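The residues making up each chain are set out below.
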Amino acid sequence: MDIIQTFYDNMASQYDKLFFDWQATTQEQALILDQIFKDHGFDKFASVLDCACGIGTQAIGLAALGYKVTASDISDAEIAQAKTRAETNNVDICFAHADFCALSKTFSQKFDIVICMDNALPHMLSHAALEEAIKSITGQMAAGGIFVASIRDYDALLKEKPPYSPPYIHTTEQGKRVSFQTWAWEGEHYKLTQYIIDDEETLQISKFDCAYRATRREELTELLEAYGCDEVVWKFPEETGFYQPIVIAKK
């Protein structure tokens, strides 16, 4: 099984622990995306594909706002989590297993909006793989549609190549939870190890490994333009309130 698929399958039941309050995060991020959609002329009648939906962090929040959402992922375990969470939140989402490098194998329709959040694209470990993903994603966009994605600020990170990310420390009802990542760099690639430490009634430590390629904004912009997007803009956290830079590309 692919290292990326294994990473998310293994993390699926614990992914929400990366957030202080996952439920509140779904609502907060949905409002940020809703504003971006409105700024580009879309309302809640727009069709939305979340092509890297994970456990539904963005898809569920958008569906709760009234958007017609289709959500897909390469991880069956995360899709199962997302389905359960959608039911709990009483929202209707069409879920499917799909690789965002080959969306046309799963979907025949075009979407007004395609999103790919939370640094999913840098899982593409070569320029060719990233190009395949962008070709697939833009191919599922309707004419006049937009693509919205978030990635880490690799233009800045590549200057120093930090060996770890700052820890998140959350106080829970039973104690504390600490999550952090270590990053082992090899050129523009790095191995990420995610640690989740639950220091509650008993001490539990979880560890998950994955791989990324630092994707610069210029590279992603050029690929989006090459595959039919004539307007590509970047928004930063101070503008949007989202924790990562966001690219918005119009077809």
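Quick note: structure is the one above.
Every value quoted in this text rests on a predicted model; they were computed, and no experiment measured them. (Residues numbered from 1 in each chain as written. Predicted model: local features only at pLDDT ≥ 70, side-chain atom pairs only at ≥ 80, totals over all residues. Heavy atoms only, no water.)

Chemist: Teacher, can you tell me more about the layout of surface pockets here?
Modeler: Any space left empty among the atoms is revealed by the rolling of a water-sized probe across them. By volume, the largest pocket amounts to about 850 Å³. Taken together, 37 residues form the lining of the largest pocket, with Arg 152, Tyr 168, Gln 181, Tyr 243 and Gln 244 sitting closest to its centre. Elements with a minimum of two residues in the lining of the largest pocket: helix H1 (3–11), helix H2 (22–39), strand S6 (168–171), strand S7 (176–186) and strand S8 (189–199). Sort the elements by how many residues they give to the lining of the largest pocket and H2 lands first, with five residues. In the lining of the largest pocket, the residues fall into 22 nonpolar, ten polar and five charged. By volume, the second largest pocket is sized at about 410 Å³. In this structure, the second largest pocket is lined by 25 residues; those nearest its centre are Ile 4, Tyr 8, Ile 74, Phe 100 and His 123. Among the elements of the structure, H1 and helix H3 (57–65) are those that each provide at least two residues to the lining of the second largest pocket. The element contributing the most residues to the lining of the second largest pocket is H1, with three residues. (1 Å grid on protein atoms, 1.4 Å probe; cavity = no way out; pocket = protein on both sides within 12 Å on 5 of 7 lines; lining within 4 Å. Points joined across faces, edges and corners; volume = space filled by probe spheres on them. Helix = DSSP H or I, 4+ residues; strand = E, 2+ residues; numbered from the N terminus. Nonpolar A, V, L, I, M, F, W, Y, C, P; charged D, E, K, R; others polar.)

Chemist: Sorry if this is basic, but what is going on with H1 here?
Modeler: Each α-helix winds once per 3.6 residues, and so residues spaced three or four apart point in a common direction. Restricting attention to buried positions, one finds in H1 the residues Ile 4, Gln 5, Phe 7, Tyr 8 and Met 11. Viewed end-on, H1 has its buried residues packed into an arc of 160°, placing them on one side of the element. Taken together, the buried residues of H1 touch helix H4 (76–88), strand S3 (93–97), S8 and strand S9 (203–213). Backbone nitrogen of Ile 4 and a side-chain oxygen of the N-cap are separated by 2.7 Å at the start of H1; the cap is Asp 2. (Buried < 20%, exposed > 50% of the residue type's maximum accessible area, 1.4 Å probe, protein only. Arc of directions from axis to C-beta. Contact = heavy atoms within 4.5 Å. Polar contact = N/O pair within 3.5 Å; in protein donor to acceptor, adjacent residues only side chain to side chain.)

Chemist: Please explain the pattern of salt bridges as it appears in this structure.
Modeler: Working definition: two side chains of opposite charge can pair if their charged atoms are close together. On inspection of all chains with the given rule, the structure shows eleven salt bridges. We note a salt bridge from Lys 38 to Asp 34, for which the minimum N-O separation is 3.2 Å. A residue pair is termed a helical-turn pair when its members lie 3 or 4 positions apart in one helix, as Lys 38 and Asp 34 do in helix H2 at four residues. Under the relative-accessibility criterion, Lys 38 is labelled partly exposed at 45%. Under the relative-accessibility criterion, Asp 34 is labelled buried at 6%. In this structure, Lys 235 engages Glu 239 in a salt bridge whose closest nitrogen and oxygen atoms are separated by 4.0 Å. (Salt bridge = Lys/Arg side-chain N within 4 Å of Asp/Glu carboxyl O.)

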